[in-house]
Amino acid sequence: MIKNAIYRMNDSTPFDIPGAFVISLNEGWAWAIISIIVAIIVTIIVSHYYYTKSKKDSEKSREHIERCIQKRIQAKGTLDESIGDDCKKISEDAKQLQNASSNYDRGLSKAASGDLAGAEAEFNAGINLQLPVLSKYYLQRGNMQYLQNKFDNACIDYSEVIKINPQDAYAWNGKGNALYKLGKDDEAIIAYDKAIEIDSQNADIWYNKGLALLSLGKHDEAIKVFDRAIEVDPQDAEAWINKGTILGKDLHRYDEAIMAFDKAIEIDPYDAKAWNNK
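Residues numbered from 1 in each chain as written. Predicted model: local features only at pLDDT ≥ 70, side-chain atom pairs only at ≥ 80, totals over all residues. Heavy atoms only, no water.

Here we come to the overall build of the chain. For the chain, the count of helices and strands is 14 helices and 2 strands. Across the 278 residues in the chain, those meeting the buried criterion constitute 38%. As presented, the chain carries roughly 16,200 Å² of accessible surface, and 55% of it is formed by carbon and sulfur atoms. (Helix = DSSP H or I, 4+ residues; strand = E, 2+ residues; numbered from the N terminus. Buried < 20%, exposed > 50% of the residue type's maximum accessible area, 1.4 Å probe, protein only. Areas by Shrake-Rupley, 256 points an atom, 1.4 Å probe, with all protein chains shown as cover.)

Next up, the structure:
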């Protein structure tokens with residue numbers, strides 16, 4: 001028996017506590033402590049799992065929306081044909097980011113939901129706060145202004161991106177697009193050339209430069225540039241159609257034009273423009 005110096009009130013005689021009871025009591029406390037520790041560890045692991053999953057889901061949604069914004073800006077033909085089925089289903093991405101803590105993510109969410117003015121306001125707030133990675137805020141604000149036909153303002157924002165990062169091909173291409181919409185074809189071509197110098201494997205930039213050359217009436221140069229777009233992306237039906245149009249309408253090289261239209265139809269048998277032009 002284990003002697004314990006525990007006394008009854010007004011009684012100086014110690015009394016015995018059975019050792020088994022003390023051991024049982026100690027074991028009980030030990031198991032309680034172990035259970036608490038295990039519960040804390042499990043909670044931390046589960047919380048980390050859901051935090052990591054949420055972070056990855058947000059990154060995936062962010063990248064998807066950014067990609068679809070670029071497709072929307074580059075839209076060829078009708079909007080539905082240009083952005084593809086993938087970008088018609090971004091409502092879940094918008095929900096994923098709508099309650100985000102950053103202005104950037106909330107701006108992307110609003111852009112994905114069609115609220116371009118609201119998205120522009122979010123990106124503007126980030127710029128006013130001088131948040132880190134300002135270039136991406138300027139780029140997306142420029143994109144929102146471009147999509148709202150505010151081409152002068154869009155051009156200014158793309159220029160701000162270029163000041164921060166002169167190697168941003170998207171910004172040079174965006175600036176070229178804005179200048180093209182403003183009827184400044186020569187300046188647009190300079191911007192496109194800079195974008196091509198940075199990223200020569202982007203078919204959209206070659207295509208855009210071809211449109212600017214066509215607008216200037218430089219048909220032979222435009223064909224060469226559309227050929228480069230086709231070289232990078234042989235499935236670019238719009239590049240084939242533009243090439244065919246120049247060959248037939250402007251240069252009267254009808255056999256070559258028909259071959260170009262046939263190629264566009266092979267890529268997209270339902271392209272009414274290719275059939276009509278042929």
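Let's shift gears to the packing of helix α10 (residues 203-215) against helix α11 (residues 219-232). Between α10 and α11, the shortest axis-to-axis distance is 8 Å and the interhelical angle comes to 165°. Here α10 is positioned roughly antiparallel relative to α11, judged by the angle of their axes. The interaxial crossing formed by α10 with α11 has left-handed handedness. Of α11, the residues touching α10 (which contributes A203, W206, Y207, K209, G210, L211, L213 and L214) are H219, E221, A222, V225, F226, R228, A229 and V232. (Axes fitted to C-alpha atoms, helices over the stretch in contact; angles between N-to-C directions. Parallel < 35°, antiparallel > 145°, perpendicular 65-115°, else oblique. Left-handed = near helix turned anticlockwise from the far one by under 90°. Contact = heavy atoms within 4.5 Å.)

Right, let's talk about a nonpolar patch on the surface for a bit. There is a patch of nonpolar side chains on the surface, built from W31, I34, V38, V42 and V46 and spanning about 470 Å² of accessible area. Tracing the backbone through its elements, the reader meets V38 in helix α1 (residues 19-73). (Patch = residues over 30% accessible without salt bridge, like charges linked within 9 Å, V, L, I, M, F, W, Y side chains within 5 Å. Salt bridge = Lys/Arg side-chain N within 4 Å of Asp/Glu carboxyl O.)

Two elements in contact, helix α8 (residues 169-181) and α10, have axes whose closest approach is 11 Å; the angle formed by their N-to-C orientations is 25°. Regarding the angle of α8 to α10, the classification is roughly parallel. Regarding α8 and α10, the two cross each other, and that crossing is left-handed. On α10, the residues touching N173, N177 and Y180 of α8 are I205, N208, L211, A212 and S215.

Turning our eyes to something else, we now look at the nonpolar core. Judged by nonpolar contacts, the single largest core of 56 residues is most densely connected at I69, L108, F123, M144 and Y146. If one sorts the elements of this core by residue count, helix α6 (residues 134-147) sits on top with 7 residues. Setting aside residues up to four positions removed in sequence, I69 forms contacts with L108, A111, Q140, N143 and M144. (Core = buried A, V, L, I, M, F, W, Y, C linked by side-chain atoms within 4.5 Å.)

This part covers helix α12 (residues 237-250). Taking 1.5 Å as the rise per residue, α12 with 14 residues should run 20 Å; its terminal C-alpha atoms sit 19 Å apart, in good agreement. Counted residue by residue, α12 has 11 buried out of 14 residues, so it is predominantly covered. Among the residues of α12, those classed as buried are A237, E238, A239, W240, I241, N242, K243, G244, I246, L247 and G248. At its buried positions, α12 is contacted by α10, α11, α13 (254-267) and α14 (272-277). N-cap assignment for α12: the residue whose side-chain oxygen lies 3.3 Å from the backbone N of E238 is D236. In the segment just after α12, H252 is the residue with positive phi, at about 55°. (Expected span 1.5 Å × (residues − 1). Polar contact = N/O pair within 3.5 Å; in protein donor to acceptor, adjacent residues only side chain to side chain.)

In low-pLDDT regions, the fine details of the predicted coordinates are not to be read closely. Confidence in the prediction of the chain, expressed as mean pLDDT, is 85, and 84% of residues score 70 or more. Predicted confidence in the chain is weakest over strand β1 (residues 2-7), with a mean pLDDT of 40, and strongest over helix α9 (residues 185-198), with 98. Contacts of residues 77-82 to residues separated by more than four positions or lying in other chains number 6 contacts, the stretch itself having pLDDT below 50. (pLDDT = per-residue confidence, 0-100.)

Right, let's get into the environment of S58. Within the secondary structure layout, S58 lies in helix α1. For the pair S58 and Q96, spaced 38 residues apart in sequence, the C-alpha to C-alpha distance is 6.3 Å. Excluding residues within four positions of it along the chain, S58 makes contact with Q96 and L97.

This part is about helix α4 (residues 103-112). Across the 10 residues that make up α4, a large majority, 7, are buried. For α4, the set of buried residues is N103, Y104, D105, G107, L108, S109 and A111. At the C-terminal side of α4, G114 shows a positive phi close to 95°.

Moving on, we come to the pattern of salt bridges. One pass over the structure, following the stated rule, counts 15 salt bridges. A salt bridge links E122 to R106, with the shortest nitrogen-to-oxygen separation between them at 3.4 Å. Note that E122 is positioned in helix α5 (residues 116-128) and R106 in helix α4, a separation of 16 residues in sequence. Classification of E122 by relative accessible area gives buried; the value is 10%.

All right, on to the packing of aromatic side chains then. Tallied over the entire structure, the rule returns 4 aromatic pairs. Taken together, a centroid distance of 5.6 Å and an interplanar angle of 55° make the contact between Y104 and F123 tilted. Here the residue Y104 occupies a position in helix α4, and F123 occupies one in helix α5, the gap between them amounting to 19 residues. On the basis of an interplanar angle of 70° and a centroid distance of 5.5 Å, the ring pair of Y104 and Y137 is categorised as edge-to-face. Taken as a pair, Y104 in helix α4 and Y137 in helix α6 lie far apart in primary sequence, 33 residues in all. Of the residues examined, Y137 reaches a relative accessible area of 4% and is grouped as buried. Over the ring of Y104 we find K136, and its NZ or CZ is 4.2 Å from the ring centre. (Phe/Tyr/Trp six-rings, centres within 6.5 Å; stacked < 30°, edge-to-face > 60°. Lys NZ or Arg CZ within 6 Å of the ring centre and 35° of its normal.)

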